[in-house]
Amino acid sequence: MRLTDWWSNPEWLAYEHAYGDAIGTRARLLASAPWRTRVLDLRRDEATLWHDVRRSYHAIINKSNKDPTFALARLGSSAFLTCCPDLHARAAGRITRPWRTWELQAEWIDRHAMAFIGLRDEKARPVMDARFDPIGFIYVVIYGEWAYYFSGASIEPNVMHALQWRMIQQLKALGVETYELGWQGEATDEKGQGIEMFRRGFGGVDVPVRDEETT
């Protein structure tokens, strides 16, 4: 399966329409894109995947795992719609896209997508009595043996490191073989370049976005 196949899928085309783009915008863009995309081979064992994660991320992820005020949870479609659009708007400082796009993402969960949320309980209460507040989420599209890091946001530093590593573990457990983390060499501003650097921190290699196939 080609990494670009999802972008011609009818469900993605419905998303483009809801977003306000012309049908086929993404496919046409990728057909001639000169940049590359970061791809992680999940067929390797977890110890090797962890070894390839940037060393500074190890400490951040381990600290999150030991933090009694922090928890990660997998999201169903209803919880995704309840928490994630608001989190995204808070992180961005504004609403960035139509509500219908979020509804479509929710519909994809358990069929074509998986999402996790990071939660904070500042009082570190016992789990049965906890009142956690959402502080970040990650959402990934799954299409056959390929997955794509579709969206995410956080309102606290370093939350995305733990979310991304948990997603890698879960995708591997599901038998997904290829995880596309996102574009490299496309960003022209400092923020975009910082995002590209974050993606590289989880290992993998850069491949052309227009013609690479999973193997």
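Model, not experiment: these values are computed from the prediction.

Cut-offs applied
Residues numbered from 1 in each chain as written. Predicted model: local features only at pLDDT ≥ 70, side-chain atom pairs only at ≥ 80, totals over all residues. Heavy atoms only, no water. Helix = DSSP H or I, 4+ residues; strand = E, 2+ residues; numbered from the N terminus. Rg over C-alpha atoms; globule rule 2.2 N^0.38 Å. Buried < 20%, exposed > 50% of the residue type's maximum accessible area, 1.4 Å probe, protein only. Contact = heavy atoms within 4.5 Å. Areas by Shrake-Rupley, 256 points an atom, 1.4 Å probe, with all protein chains shown as cover. Lys, Arg positive; Asp, Glu negative; His and termini not counted. Charge placed at Lys NZ, Arg CZ, Asp CG, Glu CD. Expected span 1.5 Å × (residues − 1). Bend = angle between axes of the 7 residues up to and from the residue. Phe/Tyr/Trp six-rings, centres within 6.5 Å; stacked < 30°, edge-to-face > 60°. Polar contact = N/O pair within 3.5 Å; in protein donor to acceptor, adjacent residues only side chain to side chain. Pairing = 2+ DSSP bridges. Axes fitted to C-alpha atoms, helices over the stretch in contact; angles between N-to-C directions.

Draft legend 1. The overall build of the protein, seen in detail. Each helix and strand in the protein was counted, giving eight helices and seven strands. Against the 2.2 N^0.38 benchmark of 17 Å for 215 residues, the protein shows a C-alpha radius of gyration of 17 Å, consistent with a compact globule. Counting only residues that meet the buried cut, the protein has 47% of its 215 residues in that class. Restricting to contacts in the protein with at least 6 residues of sequence separation, those with at least 24 account for 71%. Working note: accessible area of the protein is about 10,900 Å², and carbon and sulfur atoms make up 51% of it. Side chains of the protein carry 27 positive and 29 negative charges; the gap between the two charge centres is 4 Å.

Draft legend 2. Broad picture of helix H5 (residues 77–92). Taking 1.5 Å of rise per residue, 16 residues should cover 22 Å, and H5 covers 22 Å from first to last C-alpha, within 8% of that figure. The principal kink in H5, of about 30°, is found at cysteine 83, preceding the proline proline 85 by one to four residues. Those residues of H5 that fall on the buried side of the exposure criterion are Phe80, Cys83, Cys84, Pro85, Leu87, His88 and Ala89. Lining the buried residues of H5 we find helix H6 (99–108), strand S3 (113–120), strand S4 (133–143) and strand S5 (146–154). Just past H5, the residue glycine 93 takes up positive phi, approximately 85°.

Draft legend 3. Up close: helix H7 (residues 159–174). In a regular helix each residue adds 1.5 Å, so 16 residues correspond to 22 Å; H7 covers 23 Å between its end C-alpha atoms and thus fits that length. Residue glycine 175 follows H7 closely and has a positive phi angle near 90°.

Draft legend 4. Looking closely at the packing of aromatic side chains. Within this structure, the stated rule accounts for 21 aromatic pairs. Aromatic pair tryptophan 6 and tryptophan 108: ring centres 5.1 Å apart, planes at 90°, arrangement edge-to-face. Of the two residues, tryptophan 6 is situated in the segment before helix H1 (10–19) and tryptophan 108 in helix H6; the sequence distance between them amounts to 102 residues. Accessibility assignment for this pair places tryptophan 6 and tryptophan 108 in one class, buried. Between tryptophan 7 and tryptophan 12, the ring centres sit 4.7 Å apart and the planes meet at 80°, which makes this aromatic pair edge-to-face.

Draft legend 5. View of the side chain of threonine 101. Mapped onto the elements, threonine 101 comes out in helix H6. Here arginine 97 takes part through its side chain, which lies 2.8 Å from a polar atom of the side chain of threonine 101. Those residues in contact with threonine 101 that lie beyond four places of it in its chain are Tyr15, Ala18 and Tyr19.

Draft legend 6. Region of interest: the sheet that holds strand S6 (residues 178–184). Read from one edge of the open sheet, seven strands run S2-S3-S4-S5-S6-S1-S7, paired in mixed fashion. Either end of the sheet is taken by a strand with one partner, and the two such strands are strand S2 (70–74) and strand S7 (205–208). Neighbour to neighbour, the strand axes of the sheet diverge by 30° on average, direction disregarded. Of the pairings in the sheet, the one linking S4 to S5 comprises eight bridges and is antiparallel in character. Across the sheet, residue glycine 136 finds its bridge partner in S5, namely serine 154. Along the sheet, H6 contacts S3, S4 and S5; its crossing angle with S4, the most-contacted strand, is approximately 65°.

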